[in-house]
Amino acid sequence: MMIPTIPTPDELLDKGFRRGKKAADLARTSKIPRHLKAKRIEETRVITACQVIKDRLKMVLDRVPNIETLPEFYQDYIDITVGVDDMKKSLGALNWAYGIITQLEKDYSSRIRRSSPEKASTLQRQAYGRIASVVNKIKKDLDFLDFAKSNLRNMPTIDFEATTIVIAGFPNVGKSTLLRQITDATPEVANYPFTTKGIQIGHLERDWKKIQIIDTPGLLDRPILDMNEIELNAMVALEHLADAIFFIIDVSETCGFPIESQYNLSEEIKRIFNVPMVYLFNKIDIANENKEDIEKIELNSDSDLEINSNSNNNYLNNYLEKIDDYLFISAYEGKGIEDIISKLSNVKKIEREKNHDDMDYY
């Protein structure tokens, strides 16, 4: 979300009053009857100062889109990062200040025109005092919007037309390695609430179909019961995007987690996302070398990975019997990547309800 530069109360008042002084100086040099000039000078000063401050407030209000018209992912993202209610409250405060200053401009310009020349400067000072009081009352709201600007600056750029795959799995199972293998490029990295490294987004196109792959280190790599409420909300935000989950299981267990724990995490994530899940059994090359009781995996002539049917070992059978869709891969060696891309191409985009309202503004 692009939020414009947020001024401080002192910056707002300084700019408004300086521009008011310049306008008053210009009015002082104009050819106006002497008995009217003093009033015209002070009226011009007040009107100009009010208009400058109002213009700056309006710029902020106009450039921040109505949050309720944004896709649900962005609404949840904003709520997790800074708080939607706080955002609306601060924007509402700016709108209030805009209205009060508009009224002060009308009231004091009218009073100055009706006053005697001797009283015009006194009314102008009263107007400036009232204006300063209003602007200072929204200091905490301006501070909050500046905080929001800083924290929303690197909001991920999501392609809502693309088919979206979310990669999940414990740390060090090969998620980032796989993402780089599939996209054949360095993924975009952007801040995401409560992840350790920031969201990573990779893109590819297959048969004129745009595919977007998202990895969220630090979020989808630990048991749901260990997450706090805000982290769970972040997962819900991702749920608005996912057309499928590709869950990586490290069969070598060199990631530090047994296969049973990895499978249990997949079941928790499946319950929350409620979208198709493809299991990728990774690090088969290491497992063949280091684990005696795992089923032997061999390379066929096409460099694909498959289970040797003659193997007497049944280490993975308990899990494979529960899974409908899976592949054996070696992300590090690039084995099985074409099979993964074929799977990606077959994922169907989930049609979610879209908000067709016009883009309104606060």
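About the cut-offs
Residues numbered from 1 in each chain as written. Predicted model: local features only at pLDDT ≥ 70, side-chain atom pairs only at ≥ 80, totals over all residues. Heavy atoms only, no water. Phe/Tyr/Trp six-rings, centres within 6.5 Å; stacked < 30°, edge-to-face > 60°. Helix = DSSP H or I, 4+ residues; strand = E, 2+ residues; numbered from the N terminus. Buried < 20%, exposed > 50% of the residue type's maximum accessible area, 1.4 Å probe, protein only. Lys NZ or Arg CZ within 6 Å of the ring centre and 35° of its normal. 1 Å grid on protein atoms, 1.4 Å probe; cavity = no way out; pocket = protein on both sides within 12 Å on 5 of 7 lines; lining within 4 Å. Points joined across faces, edges and corners; volume = space filled by probe spheres on them. Nonpolar A, V, L, I, M, F, W, Y, C, P; charged D, E, K, R; others polar. Salt bridge = Lys/Arg side-chain N within 4 Å of Asp/Glu carboxyl O. Axes fitted to C-alpha atoms, helices over the stretch in contact; angles between N-to-C directions. Parallel < 35°, antiparallel > 145°, perpendicular 65-115°, else oblique. Left-handed = near helix turned anticlockwise from the far one by under 90°. Contact = heavy atoms within 4.5 Å. Pairing = 2+ DSSP bridges. Expected span 1.5 Å × (residues − 1). Arc of directions from axis to C-beta. Core = buried A, V, L, I, M, F, W, Y, C linked by side-chain atoms within 4.5 Å. Domains from an automatic or database assignment.

A. Quick peek at the packing of aromatic side chains. Overall, the coordinates contain 13 aromatic pairs when judged by the stated rule. Measuring from centroid to centroid gives 4.1 Å for phenylalanine 170 and phenylalanine 257, while their planes differ by 15°, and the two rings are stacked. With phenylalanine 170 in the loop between β1 (163-168) and α7 (175-183) and phenylalanine 257 in the loop between β5 (244-250) and α9 (259-273), this pair connects stretches of sequence that are 87 residues apart. For phenylalanine 170, a relative accessible area of 5% translates into the label buried. The exposure class of phenylalanine 257 is partly exposed, given its relative accessible area of 29%. Between tyrosine 263 and tyrosine 319, the aromatic rings sit 5.4 Å apart at their centres with planes inclined by 55°, giving tilted as the arrangement. One end of the pair, tyrosine 263, is in helix α9; the other, tyrosine 319, is in helix α11 (residues 317-320), and 56 residues separate them in sequence. For tyrosine 263, a relative accessible area of 8% gives the class buried. On the basis of relative accessible area, tyrosine 319 is assigned to the buried category, the value being 16%. Put simply, the rings of Phe247, Tyr263, Tyr279, Phe281, Tyr319, Tyr326 and Phe328 touch in pairs and so form one group of aromatic residues. Of note, lysine 54 hangs over the ring of tyrosine 98, and the distance from its end group to the ring centre comes to 5.5 Å.

B. Representation of the layout of surface pockets within the structure. There is about 250 Å³ of room inside the second largest pocket. Lining of the second largest pocket is provided by 18 residues; of these, Pro276, Met277, Val278, Asp324 and Asp325 occupy positions nearest its centre. At the level of secondary structure, the elements contributing two or more residues to the lining of the second largest pocket comprise α9, β6 (277-282) and α12 (337-346). In terms of residue class, the lining of the second largest pocket is made up of 9 nonpolar, 1 polar and 8 charged.

C. Spatial organisation of the pattern of salt bridges. Applying the stated rule across the entire model yields 15 salt bridges. The salt bridge partner of glutamate 42 is arginine 45, with a shortest N-O separation of 3.1 Å. Remark: arginine 45 and glutamate 42 occur in helix α2 (residues 34-63); sequence separation between them is 3 residues, near one turn of the helix. Counted as one network, the salt bridges with shared partners bring together Lys21, Asp25 and Arg28.

D. Expanded view of the packing of helix α3 (residues 72-81) against helix α6 (residues 139-152). Close contact between α3 and α6 brings their axes to 10 Å; oriented N to C, the two are set at 120°. Regarding the angle of α3 to α6, the classification is oblique. Crossing hand, α3 versus α6: right-handed. Mapping the contact onto sequence places Tyr77, Ile78 and Thr81 in α3 and Phe147, Asn151 and Leu152 in α6. Across the contact of α3 with α6, the residue classes tally to 4 nonpolar, 2 polar and no charged.

E. How the structure looks around the pairing of β6. For β6, the buried fraction is high: 6 of the 6 residues fall into the buried class. Here β6 shows no split at all, with Met277, Tyr279 and Phe281 on one side and Val278, Leu280 and Asn282 on the other all buried. Here 6 bridges tie β5 to β6, and the two strands are oriented parallel to one another. Bridge pairing links aspartate 250 to asparagine 282 in β6.

F. How the structure looks around helix α1 (residues 9-28). The end-to-end C-alpha distance of α1 is 28 Å, a good match for the 28 Å that 20 residues give at a rise of 1.5 Å each. The complete set of buried residues in α1 reads Pro9, Leu12, Leu13, Gly16, Gly20, Ala23, Ala24 and Ala27. Angularly, the buried residues of α1 cover 105° about the axis, an arc narrow enough to put them on a single face. When the buried face of α1 is taken as reference, the exposed residues oriented beyond 90 degrees from it are Asp10, Lys22 and Leu26. In the core, the buried residues of α1 are packed alongside α2, α5 (117-137) and α6.

G. Examining the nonpolar core more closely. By size, the foremost hydrophobic cluster in this structure holds 103 residues, and its most contacted members are Met87, Ile269 and Ile340. The element that contributes the greatest number of residues to this core is helix α4 (residues 84-114), accounting for 10 residues. Two domains each provide a minimum of three residues to this core, namely domain 1 (9-153) and domain 2 (163-297 + 311-346).

H. Highlighting unusual backbone geometry. Here the phi dihedral of aspartate 207 falls at roughly 50°; this positive angle occurs in a residue that is not glycine. Structurally, aspartate 207 is set in the loop between β3 (199-206) and β4 (209-215). Taking the relative accessible area as the measure of exposure, aspartate 207 reaches 63% and is therefore exposed. A positive phi angle, close to 60°, is found at glutamate 253, a residue other than glycine. With respect to the helices and strands, the residue glutamate 253 is situated in the loop between β5 and α9.

None of this, on its own, says anything about what the molecule does.
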